[in-house]
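The residues making up each chain are set out below.
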There are 2 protein chains.
Amino acid sequence: MAELSQERHKPPRNLERDRELIIACPPMRSNVNLSRIVRTASCCGVRRLVACGNPKIDPKIARDGIETVEIEVRRSLLPVLRQLRKENFQIVGLEQTSESVNMHSFRFERRTVLVVGHERLGISDEVLQGLDHIVEIPVFGLPYSYNAGTAAAMAMYEYCRQFPTG
Amino acid sequence: MAELSQERHKPPRNLERDRELIIACPPMRSNVNLSRIVRTASCCGVRRLVACGNPKIDPKIARDGIETVEIEVRRSLLPVLRQLRKENFQIVGLEQTSESVNMHSFRFERRTVLVVGHERLGISDEVLQGLDHIVEIPVFGLPYSYNAGTAAAMAMYEYCRQFPTG
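Residues numbered from 1 in each chain as written. Chains lettered and ligands numbered in written order. Predicted model: local features only at pLDDT ≥ 70, side-chain atom pairs only at ≥ 80, totals over all residues.

1. Some points on the overall build of chain A
(1) Moving on: Counting its regular elements, chain A contains six helices and seven strands.
(2) Moving on: From first element to last, N terminus to C terminus, chain A shows the α and β order β-α-β-α-α-β-α-β-β-β-α-β-α.
(3) Moving on: At 16 Å, chain A has a C-alpha radius of gyration in line with the 15 Å of a compact globule built from 166 residues.
(4) Moving on: In terms of overall dimensions, chain A has C-alpha extents of about 55 × 35 × 35 Å along its principal axes.
(5) Moving on: Looking at chain A alone, contacts between residues at least 24 apart form 69% of all its contacts between residues at least 6 apart. (Helix = DSSP H or I, 4+ residues; strand = E, 2+ residues; numbered from the N terminus. Rg over C-alpha atoms; globule rule 2.2 N^0.38 Å. Contact = placed C-beta atoms within 7 Å.)

So, in structure tokens, the structure goes:
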């Protein structure tokens with residue numbers, strides 16, 4: 001590998017169609033986590049993110065995501081999730097529950113809303129009941145749960161793996 | 001889905017054998033990123049992490065990882081990577097280069113050292129030349145690179161997906 005050279009920030013993969021993935025966040029405890037999710041989403045080609053409460057995106061963390069991702073601020077998730085379902089999005093929550101499916105074997109629909117959980121409270125019962133699917137990322141050790149931004153990143157990675165061209 | 005209930009921090013998956021994945025970090029710019037990597041590694045069942053320089057793990061971020069992951073502090077990566085190769089570990093770097101392989105199609109060896117890059121500088125040329133493989137995570141938008149902790153998390157997720165039982 002004598003000829004190899006770093007190509008950091010090299011041009012991204014071209015998507016053949018726009019991403020039909022939307023990220024939806026309840027009011028988060030940490031604007032750091034939310035800002036990290038915005039950066040990851042932008043890198044994944046995601047263009048829409050619903051944020052609830054009083055989100056403050058930190059441009060040092062979100063980087064270009066603050067320009068490229070449209071942040072829709074809502075009071076709560078339920079009404080927008082209902083609307084998106086009418087637009088034929090499948091609503092998928094990222095949560096550990098009695099019924100959640102292992103993300104390793106989950107097949108995303110292209111047209112998906114990924115609902116992230118609050119750092120301490122997870123996804124509220126009210127929202128849980130309205131999801132089409134609940135997926136969990138296998139955990140193999142303490143503290144038995146991933147950071148919210150980390151879990152969202154793993155799920156976005158999995159979605160992009162399944163839809164590498166959009 | 002009327003009966004479902006949250007089971008946050010539910011017991012982890014049992015590994016049938018110890019993880020043979022080791023995370024190796026150069027001196028990092030941010031102890032926050034390093035601490036996040038420690039938490040993610042712990043959740044993934046990883047038990048060894050090599051950290052260079054003067055690492056300070058924040059227990060509020062790394063959580064139980066600070067107890068469960070053995071942090072080996074080294075001055076630099078090259079000697080320990082050479083030693084681990086002698087112990088039949090495959091040395092895999094996470095970097096965008098002219099020769100890097102798409103992680104979507106990369107098959108990890110079970111016995112792997114995952115080398116993470118510095119936030120600004122990536123993996124040094126000296127270390128790059130000594131890797132067995134270089135993998136990159138596809139990027140689809142600005143800022144054209146994932147946060148170092150995010151990229152490490154995606155790679156750990158992919159490894160665990162390939163070795164769900166250890």
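Having put the structure on the table, let's press on.
2. Quick look at the sheet that holds strand β2 (residues 48–52) of chain A
All names here are of chain A.
(1) Moving on: A sheet is described by the order of its strands in space; here seven strands give the open sequence β3-β2-β1-β6-β4-β7-β5, paired in parallel fashion. The open sheet is flanked by β3 (70–74) and β5 (101–102), the only strands paired with a single partner.
(2) Moving on: Across three bridges, strand β4 (residues 90–94) lies against strand β7 (residues 133–136) in parallel orientation. Following the sheet pairing, Gly93 is matched in β7 by Ile134.
(3) Moving on: Relative to strand β1 (residues 21–25), helix α1 (residues 31–43) is tilted by about 180°, and along the sheet it contacts β1 and β2.
(4) Moving on: Against the sheet, helix α6 (residues 148–162) touches β1, β4 and β6 (112–115), its axis set at about 140° to β4. (Pairing = 2+ DSSP bridges. Axes fitted to C-alpha atoms, helices over the stretch in contact; angles between N-to-C directions.)

3. Things to note about the pairing of strand β2 (residues 48–52) of chain B
Residues and elements named next belong to chain B.
(1) Moving on: Pairing of strand β1 (residues 21–25) with β2 involves four bridges; the strand directions are parallel. Of the residues in β2, the one forming a bridge with Ile23 is Leu49.
(2) Moving on: Read as a crossover between parallel neighbours, the route from β1 over helix α1 (residues 31–43) to β2 is right-handed.
(3) Moving on: Inspection of the sheet shows β2 paired to strand β3 (residues 70–74) by five bridges, in the parallel sense. By the bridge assignment for β3, Ala51 is matched with Val73. (Right-handed = clockwise from strand over helix to strand, strands pointing away.)

4. Concerning the interface of chain B and chain A
By a widely used convention, the size of an interface equals the accessible area lost when the partners come together.
(1) Moving on: Between chain B and chain A, the residue contacts involve 48 residues of the former and 48 residues of the latter.
(2) Moving on: Elements with a contribution of two residues or more to the side of chain B that touches chain A: α1 and α6 (148–162) of chain B.
(3) Moving on: Per-element accounting of the side of chain B that touches chain A gives the leading share, six residues, to α6 of chain B.
(4) Moving on: Classifying every residue of the side of chain B that touches chain A by side-chain character gives 20 nonpolar, 17 polar and 11 charged. (Nonpolar A, V, L, I, M, F, W, Y, C, P; charged D, E, K, R; others polar.)

5. Quick look at α1 of chain B
(1) Moving on: Its 13 residues give α1 of chain B an end-to-end C-alpha distance of 18 Å, which sits within 8% of 18 Å, the value for a rise of 1.5 Å per residue.
(2) Moving on: The element α1 of chain B is extensively covered by neighbouring structure, given that 11 of its 13 residues are classed as buried.
(3) Moving on: Residues Asn33, Leu34, Ser35, Arg36, Ile37, Val38, Arg39, Thr40, Ala41, Ser42 and Cys43 of chain B constitute the buried set of α1 of chain B.
(4) Moving on: On its buried face, α1 of chain B is in contact with α6 of chain A together with β1, β2, α2 (59–62), α3 (65–68) and α6 of chain B.
(5) Moving on: In the segment just after α1 of chain B, Gly45 of chain B is the residue with positive phi, at about 85°. (Expected span 1.5 Å × (residues − 1). Buried ≥ 20, exposed ≤ 12 C-beta atoms within 10 Å, placed from the backbone.)

6. Describing the nonpolar core
(1) Moving on: Of all hydrophobic cores here, the largest spans 102 residues; its most connected members are Ile23, Ala24 and Val115 of chain A together with Ile23, Ala24 and Val115 of chain B.
(2) Moving on: If we skip the residues at most four places from it in the chain, Ile23 of chain B touches Ile37, Ala41, Val46, Leu49, Leu114, Val116 and Ala152 of chain B. (Core = buried A, V, L, I, M, F, W, Y, C linked by C-beta atoms within 7 Å.)

7. Here we look at the relation of the copies chain B and chain A
(1) Moving on: Expressed as a screw transformation, the operator carrying chain B onto chain A has a rotation angle of 180° and an axial translation of 0.0 Å, and the superposed copies differ by an RMSD of 0.0 Å. On the angle and the small slide along the axis, the relation comes out as a two-fold axis. No C-alpha of chain B lies nearer the rotation axis than that of Met154 of chain B, which sits 2.6 Å from it. (Least-squares fit on C-alpha atoms with pLDDT ≥ 70 in both.)

8. Section: the sheet that holds β2 of chain B
All names here are of chain B.
(1) Moving on: Read from one edge of the open sheet, seven strands run β3-β2-β1-β6-β4-β7-β5, paired in parallel fashion. Two strands lie at the open edges of the sheet, namely β3 and β5 (101–102), each paired on one side alone.
(2) Moving on: Sheet strands in contact with α1 are β1 and β2, and its direction is about 180° off that of β1.

9. Examining the packing of α1 of chain A against α6 of chain A
All names here are of chain A.
(1) Moving on: Running from N to C, α1 and α6 point in directions that differ by 15°, and their axes come no closer than 9 Å. Overall, the two elements α1 and α6 adopt an arrangement that is roughly parallel. The two elements α1 and α6 meet at a crossing, and its hand is right-handed. Mapping the contact onto sequence places Asn33, Arg36, Ile37, Thr40 and Ala41 in α1 and Ala148, Gly149, Ala152, Ala153 and Met156 in α6.
(2) Moving on: Residue composition of the contact of α1 with α6, grouped by class: six nonpolar, three polar and one charged. (Parallel < 35°, antiparallel > 145°, perpendicular 65-115°, else oblique. Left-handed = near helix turned anticlockwise from the far one by under 90°.)

10. A closer look at the confidence of the model for chain A
(1) Moving on: Per-residue pLDDT for chain A averages 95, and the proportion of residues at 70 or more is 98%.
(2) Moving on: Overall fold confidence for the complex sits at a pTM of 0.96, while the interface term, ipTM, reaches 0.96. (pLDDT = per-residue confidence, 0-100.)

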